[in-house]
Amino acid sequence: MPTAFCGYLFVALLGYSGRAVLGPDVPPGEVFSTLVTTTMPPFMGGLLLAVIIAAIVTSTNSILHLPSMIPAIIVSLSLMIIVSLLTKKTPAEQFEKLGM
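What this report covers is the structure whose coordinates are included nearby. (Residues numbered from 1 in each chain as written. Predicted model: local features only at pLDDT ≥ 70, side-chain atom pairs only at ≥ 80, totals over all residues. Heavy atoms only, no water.)

## Concerning the packing of helix H1 (residues 3–22) against helix H2 (residues 31–39)
Packed helices, taken two at a time, are described by the angle between their axes plus the distance between the axes. The N-to-C vectors of H1 and H2 enclose an angle of 70°; their axes lie 9 Å apart at closest approach. By the angle between their directions, the pair H1 and H2 is classed as roughly perpendicular. The segment H1 lies against H2, with Leu-14, Gly-15, Gly-18, Arg-19, Val-21 and Leu-22 engaging Val-31, Phe-32, Thr-34, Leu-35, Val-36, Thr-38 and Thr-39. Residue composition of the contact of H1 with H2, grouped by class: seven nonpolar, five polar and one charged. (Axes fitted to C-alpha atoms, helices over the stretch in contact; angles between N-to-C directions. Helix = DSSP H or I, 4+ residues; strand = E, 2+ residues; numbered from the N terminus. Parallel < 35°, antiparallel > 145°, perpendicular 65-115°, else oblique. Contact = heavy atoms within 4.5 Å. Nonpolar A, V, L, I, M, F, W, Y, C, P; charged D, E, K, R; others polar.)

Here it is in structure tokens:
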């Protein structure tokens, strides 16, 4: 089971059980922060915060990395088209020759 899945599961359980522990008078937007600060030891709260920040950082990293890959994809596709025009072979035939 991936570590991130465990983290997300823990956060979801925390949110769902927070209303049961704190009662209905806590606004839904404040359930997470109130539950972490009032019922958890500081170590668990810090660990949970680290999981959330790690999820944000990895998602942001993936989003920021995508535009840098687009020129490489365009160049490789352009080269494939140029080679297929020069050799008069389709890309499928080129892949067969390469063993792909």
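## With respect to the packing of H1 against helix H3 (residues 42–87)
Taken N-terminus to C-terminus, the directions of H1 and H3 make an angle of 120°; their axes are 10 Å apart at the nearest point. As far as their axial angle goes, H3 and H1 are oblique. In this structure, H1 crosses over H3, and the sense of that crossing is left-handed. Across the interface between the two elements, Gly-7, Tyr-8, Phe-10, Val-11 and Leu-14 of H1 pack against Met-44, Leu-48, Val-51, Ile-52 and Ala-55 of H3. For the contact of H1 with H3, the residue count by class is nine nonpolar, one polar and no charged. (Left-handed = near helix turned anticlockwise from the far one by under 90°.)

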